[in-house]
Amino acid sequence: MKDIAPPAQMPLRPPSSVMRLRRMGAAFPTRLSFLRTLMRALAADDVKVTRPVWDMDAAGFGHAVYQLRFGGYDYALVAVSTDLPPELRTDRVIATAWDTAYVLYDGIPDQSEIDRIVASAPKQEAARFTARDLVLSRANKSVRLFDHVTDALKAGQQPDPQKIRDTGYLMRTTAVYGNGKFGIADRGHIADRPGMGGPFMAEMLTVWLIRGFTHDLAEHVGGGTLSSEAKRHLGIGNSTGLGMAPFLVNHPLLLDAWMSVRETAIARVRAIPSLDEKQIGRIYELVIRAAQYLAEWNVPDEIAAQRIDTLRRDWPEFAATLTPDAMTAQRPINRIITQSAQWSIDTQELIAALMLEPFGDLIDGLTDCMATPFVPELDPTMPCADLKALIEAEWGWACDVNYEAPAECSLFWYVSEEKLEPRLGNRHEEPGAELESPLDIGRQVKALAKDLDGDKTPVGQFLAMYPQHRAAARRVQSMARHPYAEIRDNLIGENCLPIDILRCKLAFFGAGKFDPKSDRWTRITLAQGAPLFDELDSADDWWLPVATI
Amino acid sequence: MLALNEVAGMAQKAARGAGFPVGQAEDLGRIAAYLAGTGASVAPVTAALQEPVSNIDVRWSDGSVEVHAGPAVLIGPVIRDAFAMGCNRAVLANITHAPLVGAFLAENGVAQNWDGLTVTLSDTTVLAAKCKPVTIPQQDWSVWSACAAKTYVPETEASRLAGAGAGLTDND
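The notes below deal with the structure included here. (Residues numbered from 1 in each chain as written. Chains lettered and ligands numbered in written order. Predicted model: local features only at pLDDT ≥ 70, side-chain atom pairs only at ≥ 80, totals over all residues. Heavy atoms only, no water.)

Let us look at the pattern of salt bridges. Counting across every chain of the model gives 47 salt bridges over all chains. A salt bridge links R13(A) to E263(A); the shortest N-O distance between them is 2.8 Å. Here the residue R13(A) occupies a position in the segment before α1 (15-18), and E263(A) occupies one in helix α10 (residues 252-270), the gap between them amounting to 250 residues. In this pair, the class of R13(A) matches that of E263(A), namely buried. R470(A) serves as the salt-bridge partner of D27(B), at 2.6 Å between the closest nitrogen and oxygen. Note that D27(B) is positioned in helix α2 (residues 22-37) and R470(A) in helix α21 (residues 470-481), a pairing that runs across two chains. (Salt bridge = Lys/Arg side-chain N within 4 Å of Asp/Glu carboxyl O. Helix = DSSP H or I, 4+ residues; strand = E, 2+ residues; numbered from the N terminus. Buried < 20%, exposed > 50% of the residue type's maximum accessible area, 1.4 Å probe, protein only.)

Now the structure itself:
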């Protein structure tokens, strides 16, 4: 077997910059995002989606089953649509009923399995599921757009393109549960299957299938056919809250894998010695597309709107630097990314994401490294002196904080008794801080550092004396091997904006059009511009989708 | 039936609710999933959750560690670390801790011989957990759930609105 040298690469951007919340909160989707990876895998496998069951009344209530064979396995989405009385269409945290509910099923469900899912899926968290169920989800209609689209179709017309552009989806999922929740299969059950090994592949498959169902449902109720252009621009919405934040903190090696892959990809494109005409043309095309995307991205949130305004101001300035001389210089992308430091962090991250887009051949293979079967392990043989040195070298951001100061400990994360959901409280004003969830990583590591003598005692013996430092010691050791494993900010400080953590994770999913509704939950759009069920063979070009209607 | 991820998550929360530190709670979650995934009884986890949190006292000597005091949730990781550091013998203070300590070692790939309170290395192999749905006896699950519930914060109307940032209706 011949050794194949990996492609050349420049140094990776340092974790001390990449892992700060402000920059994580400026993340954009890339061609490495999970939905893009899934679409390429579905296309490569020539997947065909069929709809063997469509049992809907005229108003669009009933159930449907979609089937596909992927990587040698059959999967099915069972979709259930119910009549949701207006009084139950309520705020998402206390909702107990939704317009639609879904299960991604392992195999082809027989009638008894369909009946089981039709009965249980609408109950969501209140029901129990089986290991044949891979993903559980639900979605509510965007009532205004759904009604407009169906009314237009009933009148024999296409919907107003502006209304489609304004909302961008017919339904919005409010939860997509995987990996063992409520009795559904553990991820380990499917992780070794072709196409399902990457992170959140089953969940991404589910949302893409749901998106297709929303198109079908609108056409059924409206009694007409939506144009392909309209359907392509109708993605699937999602509302995401605080749950994603503890996930990233509790899966440090996974976070490291995602970040390392993206940063390695950036380092590879920076090392490209020169660009040919076609590549230069492609970059110009993407710069124009990004400008249109920014123009179409309008949100009511003040902070987000200001940041988008800054992006819109920076973008023409950036575009003007892409002169023929600059594009034909040596290592042009390295120069572009280096020089991007003159603009806002949001602009820097958009430029980095854009520069990955034309170079799939060079970087797409890296996505195989975005899942990890490993979890943090403690090395009890390490001398305490080495552990102390690791803290001194890489944990200044944690140890330099005075956690006694009210501003640096004002937040506490907790799990609510009623919904078992992650929440965030104010330590100085609300009860419950004594039950806080351990997301205070920086504070834990600082406490460890205080008790470490820095002698040659093995960590295992030290922890027998100080068992309370076990989690912190394991994280410090893990970060030494996985430099992108930790969010390098104080997650209990008053300046922590959970929305930044959410956006980072959602960008890896492939989400766009971030529309924050507070500092702790956001709406997004997934799969906008993605291929329709019958377009898989023709489409891997939907980064920052812009309206074509 | 339960997924292993649920088993691990519940045991981890239960250990925190019982007052044990975060790191040992993480470890106990892994051990619970390991026991369930190998088809073994999870009773040692339940017993460990019902022990009071207390200080540990262990004495180290060449190739050996001797436990004088401490609850199983804290002792298990110490013994696992000890074998990873090259010890080939450990002596417990409490024979009821042997099943959980044995699980801690086995989950880390350490095959073992037991002679009363003393555990030594063995050249046999250990079972690997299988990823499959499992059943946890109700009496165990009830204990775990009750412990885990001690980590939950009761809601108030204010916390529901502010804590999740979801005061708005989600209609559009």
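This is not the end of the story, as more comes after the structure.
At the junction of the two partners, chain B supplies 45 residues and chain A supplies 61 residues. On the surface where chain B and chain A come into contact, there are six salt bridges. E26(B) is the salt-bridge partner of R474(A), the closest N and O atoms lying 2.9 Å from each other. Inspection of the chain B/chain A interface yields 17 residue pairs in polar contact (both at pLDDT 80 or more). Looking at the side of chain B that touches chain A, the elements that each hand over two or more residues are α1 (4-17), α2, β1 (57-61), α4 (72-84), β6 (152-153) and α7 (157-163) of chain B. Of the residues in the side of chain B that touches chain A, the class split is 24 nonpolar, nine polar and 12 charged. (Contact = heavy atoms within 4.5 Å. Polar contact = N/O pair within 3.5 Å; in protein donor to acceptor, adjacent residues only side chain to side chain. Nonpolar A, V, L, I, M, F, W, Y, C, P; charged D, E, K, R; others polar.)

This part covers the packing of aromatic side chains. All names here are of chain A. Going through the model one piece at a time under the given rule, you end up with 22 aromatic pairs over all chains. Relative to F182, the ring of Y177 lies with its centre 4.9 Å away and its plane at 85 degrees, an arrangement referred to as edge-to-face. With a relative accessible area of 17%, Y177 lands in the buried category. Residue F182 is classed as buried on the basis of its relative accessible area, which comes to 19%. Among the aromatic residues, those joined into a cluster by ring pairs are F34, F200, F247, W258, F508 and F509. The ring of Y73 is capped by R193, whose NZ or CZ atom sits 4.1 Å from the centre of that ring. Taking the ring centre of F247 as reference, the NZ or CZ of K505 above it sits at 3.9 Å. (Phe/Tyr/Trp six-rings, centres within 6.5 Å; stacked < 30°, edge-to-face > 60°. Lys NZ or Arg CZ within 6 Å of the ring centre and 35° of its normal.)

Keep in mind these values describe shape, not function.
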